[in-house]
Amino acid sequence: MTPNLREKCGVVGIFIPNENVSRLTFLSLYALQHRGQECAGIATFNKNKISVHASMGLVNQVFNQGILDQLKGNFSIGHTRYSTTGSSSSINAQPLLFDCELGSIAVSHNGNIVNADILRYDLEKQGVQFITSSDTEVLAQLICVAPGKNWQEKIKYMMQKVEGAYSLAVLVKDKIYAVRDPFGIRPLSLGKINDGWIFASETCAFDHLGAEYVRDIEAGEILEISNSGNFSLQAIKSKQQAFCLLEYIYFARPDSKFNNNLIHPVRQQMGKLLAREYPVDADMVIGVPDSAIAAALGYSQESNIPYGEALMKNRYVGRTFIQPNQSLRERNVQLKFNPMSEIIKGKRIILVDDSIVRGTTTPRVINMLRSAGATEVHMRITSPPIVNPCFYGVDMANKAELIANHKSIQEIEKHIGADSLGYLSIENTILATKTEKNTLCDACFTGNYPTSVPLQFDKMQMESATSDRHELNF
Ligand code: SF4
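For clarity, every value in this text was computed on a predicted model and none was experimentally measured. (Residues numbered from 1 in each chain as written. Predicted model: local features only at pLDDT ≥ 70, side-chain atom pairs only at ≥ 80, totals over all residues. Heavy atoms only, no water.)

Caption draft 1: Geometry of the environment of alanine 310. Mapped onto the fold, alanine 310 is located in the loop between α10 (293-303) and β18 (311-313). As for alanine 310 and asparagine 338, which are separated by 28 residues in sequence, their C-alpha atoms are 8.3 Å apart. Residues contacting alanine 310, with those up to four places away along its chain left out, are Met284, Ile286, Asn338, Pro339, Met340, Ile343 and Ile344. (Helix = DSSP H or I, 4+ residues; strand = E, 2+ residues; numbered from the N terminus. Contact = heavy atoms within 4.5 Å.)

What follows is the structure in structure tokens.
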């Protein structure tokens with residue numbers, strides 16, 4: 001797992017006739033915890049009123065039995081958050097709630113809006129007063145003031161104005177909406193649960209609830225779910241799809257599916273192709289837990305070099321309210337990973353990981369393996385070098401901080417202290433997904449952004465290391 005890549009957010013919406021759904025929403029957020037560990041929130045609709053509880057913390061820190069009991073209603077949306085725009089504080093915790101002309105609306109958002117600054121400026125000129133710094137509020141305020149006699153028309157208007165990535169869960173009186181941007185950059189899937197419906201960022205949220213995966217929400221689609229049934233509107237015709245390739249490589253849980261395509265075998269195939277592209281004589285293949293385990297298995301199968309569980313991860317080292325001091329930050333890798341020297345000692349190791357972002361974590365892991373007695377460490381990466389920032393909701397680094405942007409592969413190899421280094425080619429990364437190249441976003445590897453990228457944003461990414469994004473722990 002690459003700690004320099006921050007998961008974005010997870011969203012969920014649930015409707016079940018005659019059933020309070022806050023507990024199910026809580027459980028589905030639990031399954032989406034990997035997509036955001038900073039804030040969590042749930043909004044429910046009951047007796048003509050939307051109630052929201054959202055705060056900083058992990059899902060089980062934010063909610064308890066008493067809070068869930070108070071969140072009554074059979075329509076609900078939820079959110080887990082890692083901020084990619086907007087500061088890190090409770091005020092930006094979602095769902096965000098607004099009072100509009102048509103009534104109250106609550107919104108959960110996964111993604112990032114590239115023209116948020118311009119839209120915000122226009123809305124402020126119209127007299128709209130903002131209460132948060134997040135791009136989600138821009139999107140929600142735009143829905144509020146949009147022309148239209150119903151919510152679907154207003155959401156459609158917003159979609160015509162907003163550029164960027166958004167998978168949304170929207171709650172209004174007696175209805176929930178699943179909304180996906182016209183490029184389908186971030187995931188959103190639909191499932192059937194009892195007599196009702198669930199949609200979520202990942203299908204792993206369905207499995208824990210016994211819900212059945214139905215299909216992915218289409219790029220540019222608005223799906224309305226209510227007591228009167230489901231009504232789908234292709235609000236914007238999708239000219240080109242651009243689903244995030246990094247969801248396949250790293251973000252999504254391996255037990256999730258995109259377009260009915262299970263992630264675990266995709267990552268295994270990436271490992272197999274990597275073994276073909278960069279074979280090396282060694283004694284053991286290790287995957288950096290958790291996201292590179294499937295790829296390491298694939299590498300092992302293809303190379304006939306035994307797979308070993310030699311690097312244990314403490315899964316309970318997450319983000320906490322207590323920020324570690326500098327010396328603890330330095331030791332974060334040791335807190336997170338523990339190499340077992342009894343298994344490693346005297347062996348030539350192939351270490352498989354999904355990416356190298358800034359190049360700050362990988363040298364520490366390699367050093368750890370050497371200290372545990374590895375005689376050689378060969379680094380294999382299941383993606384091409386990341387050379388461009390993401391504008392669609394992934395907090396990786398600004399362009400100048402990306403190691404592959406200013407160092408050659410040989411220089412990175414030396415920097416991380418590996419005996420050899422191999423990156424999977426873009427062709428084989430895409431091949432492993434069993435997805436057409438022209439339906440994927442691969443901009444952080446190739447620079448081919450599906451939308452326009454605002455110039456000043458690009459400049460800011462290039463020049464500033466002090467954006468409102470988070471200080472990274474590593
Ligand atoms: S730029 Fe990279 S991380 Fe961002 S959406 Fe595209 S593929 Fe995903």
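Caption draft 2: Examining the sheet that holds strand β2 (residues 39-46) more closely. On the basis of which strands lie adjacent, the open sheet formed by seven strands has the order β3-β2-β4-β1-β10-β9-β11 and antiparallel pairing. The open sheet has two free edges, formed respectively by β3 (49-56) and β11 (212-216), since each of these has just one partner strand. Strand-to-strand, the axes of this sheet are offset by a mean angle of 15°, without reference to chain direction. Note that strand β9 (residues 189-193) and strand β10 (residues 196-200) share five bridges and pair antiparallel. Bridged to leucine 190 within β10 is phenylalanine 199. (Pairing = 2+ DSSP bridges. Axes fitted to C-alpha atoms, helices over the stretch in contact; angles between N-to-C directions.)

Caption draft 3: Fine view of the side chain of glutamine 141. Structurally, glutamine 141 can be placed in helix α5 (residues 135-145). In this structure glutamine 141 comes out as buried when scored by relative accessible area, which is 9%. Every residue in contact with glutamine 141, bar those within four places of it in the chain, is listed here: Phe98, Leu123, Val128, Gln129 and Phe130. (Buried < 20%, exposed > 50% of the residue type's maximum accessible area, 1.4 Å probe, protein only.)

Caption draft 4: Looking closely at the packing of α5 against helix α6 (residues 151-161). Orientation of α5 relative to α6, taken along the N-to-C sense of each, is 130°, at an axis distance of 8 Å. Taken as axis vectors, α5 and α6 run oblique relative to one another. Pair α5 / α6 crosses with right-handed handedness. Residue-level contacts link Leu139, Leu142, Ile143, Cys144 and Val145 of α5 to Trp151, Lys154, Ile155, Tyr157, Met158 and Lys161 of α6. Grouping the amino acids of the contact of α5 with α6 by side-chain chemistry returns nine nonpolar, no polar and two charged. (Parallel < 35°, antiparallel > 145°, perpendicular 65-115°, else oblique. Left-handed = near helix turned anticlockwise from the far one by under 90°. Nonpolar A, V, L, I, M, F, W, Y, C, P; charged D, E, K, R; others polar.)

Caption draft 5: Looking closely at the environment of aspartate 174. Here aspartate 174 lies in the loop between β7 (167-172) and β8 (175-180). For aspartate 174, a relative accessible area of 35% corresponds to the partly exposed category. Discounting chain neighbours no more than four positions away, the residues touching aspartate 174 are Phe45, Phe75, Ile225 and Ser226.

Caption draft 6: Quick look at the pattern of salt bridges. Under the defined criterion, the tally for this structure stands at 16 salt bridges. Of the charged contacts in the structure, one is a salt bridge between aspartate 290 and lysine 313, with a shortest N-O distance of 3.5 Å. Placement of the pair is aspartate 290 in the loop between β17 (284-287) and α10 and lysine 313 in strand β18, with a sequence separation of 23 residues. (Salt bridge = Lys/Arg side-chain N within 4 Å of Asp/Glu carboxyl O.)

Caption draft 7: A look at helix α4 (residues 116-125). Listing the buried residues of α4 in full gives Ala116, Leu119 and Leu123. What you see down the axis of α4 is that its buried residues fit within an arc of 70°, all on one side. Seen from the open side of α4, the exposed residues pointing more than 90 degrees away from its buried face are Asp117, Tyr121 and Lys125. Where α4 is buried, its residues touch α5 and α6. At the C-terminal side of α4, glycine 127 shows a positive phi close to 100°. (Arc of directions from axis to C-beta.)

Caption draft 8: Geometry of the pairing of strand β20 (residues 348-353). Burial runs high along β20: five of the six residues are buried. Note: β17 against β20, four bridges, orientation parallel. From the neighbouring strand, glycine 287 faces β20, where its bridge partner is valine 352. Examined bridge by bridge, β20 and strand β21 (residues 376-381) share six bridges and lie parallel to one another. The residue bridging isoleucine 349 from the neighbouring strand is valine 377, located in β21. For the crossover that starts at β20, traverses helix α14 (residues 362-371) and ends in the parallel β21, the hand is right-handed. (Right-handed = clockwise from strand over helix to strand, strands pointing away.)

Caption draft 9: Quick peek at helix α9 (residues 263-277). With 15 residues, α9 ought to run about 21 Å at 1.5 Å a step, and its terminal C-alpha atoms sit 21 Å apart, in line with that. Residues of α9 that are buried include every one of Ile263, Val266, Arg267, Gln268, Met270, Gly271, Leu273, Leu274 and Ala275, and no others. (Expected span 1.5 Å × (residues − 1).)

Caption draft 10: Representation of the nonpolar core in the model. The biggest cluster of nonpolar side chains holds 46 residues, and the ones touching the most others in it are Leu246, Tyr248, Val352, Tyr392, Met396 and Phe445. Contributing elements (two or more residues each) for this core: β14 (243-244), α8 (245-251), α9, α10, β20, α17 (426-433), β23 (440-441) and α18 (443-446). Built from parts of two domains, this core gets at least three residues from each of domain 1 (9-241) and domain 2 (262-447). By size, the runner-up hydrophobic cluster in this structure holds 31 residues, among which are Ile113, Cys144, Trp151 and Tyr177. (Core = buried A, V, L, I, M, F, W, Y, C linked by side-chain atoms within 4.5 Å. Domains from an automatic or database assignment.)

Caption draft 11: Layout of the pairing of strand β6 (residues 103-110). Most of β6 is tucked away, with six of its eight residues classed as buried. Following strand β5 (residues 96-100), the chain reverses through two residues before pairing antiparallel with β6.

Caption draft 12: A look at the site of the ligand. The immediate surroundings of the ligand are formed by Ile185, Arg186, Cys244, Leu245, Leu246, Cys390, Tyr392, Val394, Cys441, Ala443 and Cys444. For the shell around the ligand, the secondary-structure elements that each account for two or more residues are α8 and α18. Classifying every residue of the shell around the ligand by side-chain character gives ten nonpolar, no polar and one charged. (Near = heavy atom within 4 Å.)

Caption draft 13: Layout of the state of the cysteines. All chains considered together, the criterion is met by one disulfide. Cysteine cysteine 39 shares no disulfide, and the gap to the nearest cysteine sulfur, in cysteine 9, comes to 8.9 Å. (Disulfide = S-S within 2.5 Å.)

Caption draft 14: Looking closely at the packing of aromatic side chains. The tally for this structure, following the rule as stated, stands at nine aromatic pairs. Residues phenylalanine 15 and phenylalanine 75 carry aromatic rings whose centres are separated by 4.3 Å and whose planes lie at 15° to one another, so their mutual orientation is stacked. Here phenylalanine 75 lies in strand β4 (residues 75-81) and phenylalanine 15 lies in strand β1 (residues 9-15), a separation of 60 residues in the sequence. Comparing phenylalanine 15 with phenylalanine 75, the two get one shared label, buried. Their ring planes at 65° and their centres at 6.3 Å tell us that tyrosine 392 and tyrosine 449 sit as a pair that is edge-to-face. Residue tyrosine 392 is found in the loop between β21 and α15 (403-406), and its partner tyrosine 449 is found in the loop between α18 and α19 (455-463); the two are separated by 57 residues along the sequence. An aromatic cluster of at least three residues, connected via ring pairs, comprises Phe26, Tyr30 and Phe63. Over the face of the ring belonging to phenylalanine 130 we find arginine 120, whose NZ or CZ atom lies 4.2 Å from the ring centre. Over the ring of tryptophan 197 we find lysine 192; its NZ or CZ atom is 4.4 Å from the centre of that ring. (Phe/Tyr/Trp six-rings, centres within 6.5 Å; stacked < 30°, edge-to-face > 60°. Lys NZ or Arg CZ within 6 Å of the ring centre and 35° of its normal.)

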